[in-house]
Amino acid sequence: MAFYIISIVGADILILIINLLVNKHFFNMPIWYICVASISAAVIVIAIDGLTAWLVRRLPEPWFTADKKIWDVSKKECTVYEKIGIKNWKDKVIELGIFTNFSKKTIADPKSLEYIERFIMESNFGAVIHIVNIICAYAVIFCYPLKYWLCFGFPAACVNAFLSILPFFILRYNNNRLLRLRAILIKKATKATEEK
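First, a word on scope: everything that follows refers to the structure included in this document. Worth saying up front: this structure is predicted, and the values here are computed from it rather than measured.

## Considering helix α2 (residues 31–57)
In a regular helix each residue adds 1.5 Å, so 27 residues correspond to 39 Å; α2 covers 40 Å between its end C-alpha atoms and thus fits that length. If you check which residues of α2 are buried, you get I34, A37, S38, A41, A42, V45, I48, D49, T52, A53, V56 and R57.

## So, the packing of aromatic side chains
For the structure shown, the criterion picks out 10 aromatic pairs. Judged by centre distance (5.9 Å) and plane angle (85°), the ring pair of W32 and Y33 falls under edge-to-face. According to the relative accessible area criterion, Y33 is partly exposed, its value standing at 22%. Note on F64 and W71: the rings are 5.5 Å apart at their centroids and 20° apart in plane angle, and the pair reads as stacked. Since its relative accessible area comes to 11%, W71 is described here as buried. Stacked on the ring of F125, the Lys or Arg R57 has its end atom at 4.0 Å from the ring centre.

## Thoughts on the side chain of H130
Here H130 is to be found in helix α5 (residues 113–136). The buried category is assigned to H130, whose relative accessible area is 12%. Other than its neighbours up to four places away in sequence, H130 contacts S164, P167, F168 and L171.

## Comments concerning a positive patch on the surface
A surface patch of positive charge is lined by K75, K87, R177 and R180. With respect to the helices and strands, the residue R180 is situated in helix α6 (residues 153–195). Residue R180 is classed as partly exposed on the basis of its relative accessible area of 48%.

## A short note on the nonpolar core
By size, the foremost hydrophobic cluster in this structure holds 16 residues, and its most contacted members are M29, V140, Y144, Y148 and F152. Where this core is concerned, the elements lending two or more residues are α2 and α6. By residue number, the principal contributor to this core is α2, which donates five residues. Excluding residues within four positions of it along the chain, V140 makes contact with A41, I44, V45, I48, G153 and A157. In terms of nonpolar packing, the next biggest core, distinct from the first, is built from 11 residues, V73, Y81, W89 and L166 among them.

The rules we used
Residues numbered from 1 in each chain as written. Predicted model: local features only at pLDDT ≥ 70, side-chain atom pairs only at ≥ 80, totals over all residues. Heavy atoms only, no water. Helix = DSSP H or I, 4+ residues; strand = E, 2+ residues; numbered from the N terminus. Expected span 1.5 Å × (residues − 1). Buried < 20%, exposed > 50% of the residue type's maximum accessible area, 1.4 Å probe, protein only. Phe/Tyr/Trp six-rings, centres within 6.5 Å; stacked < 30°, edge-to-face > 60°. Lys NZ or Arg CZ within 6 Å of the ring centre and 35° of its normal. Contact = heavy atoms within 4.5 Å. Patch = residues over 30% accessible without salt bridge, like charges linked within 9 Å, V, L, I, M, F, W, Y side chains within 5 Å. Areas by Shrake-Rupley, 256 points an atom, 1.4 Å probe, with all protein chains shown as cover. Salt bridge = Lys/Arg side-chain N within 4 Å of Asp/Glu carboxyl O. Lys, Arg positive; Asp, Glu negative; His and termini not counted. Charge placed at Lys NZ, Arg CZ, Asp CG, Glu CD. Core = buried A, V, L, I, M, F, W, Y, C linked by side-chain atoms within 4.5 Å.

Purely geometric stuff here, so don't read any function into it on its own.
Right under this line is the structure:
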């Protein structure tokens, strides 16, 4: 959580400083406008993220279940994640499952097939939410006059894209292991049923 808060505040301060140093003279903007526009860009992006997440969560759950092949993660994809060092930083990125009443930190039974399937479904929802957030957050540029798009909206949307792509990578990377675990649990359940 601290990483995200520091990133958002730090990026907003950086956007503000750059605008104060460069755009105050280039566009002859008043200081108060630069301050309000820089801060409001972050607030608008967070609001867009919340709205898009809410809309994605309204989609039918069966679209996101483990048996849908669209959610399979290839070995090549996992290799890419490993090459960017995902194992070193994935635990430092915030988990937002608390907003959907599902958190891996409150595991009831980690060996339960039902739990793993729910975990996979929540991961698939999360992956889609993060990709949609990346795209939709660029709508913030339309909240400013055309000549100010690059000053406020675009940098805020780029920071959002960076902060959204990291959890997307993690969700996809973890999904591969969850799908393998699910296959093992199904095999065990099938074997137990056959033995009876």
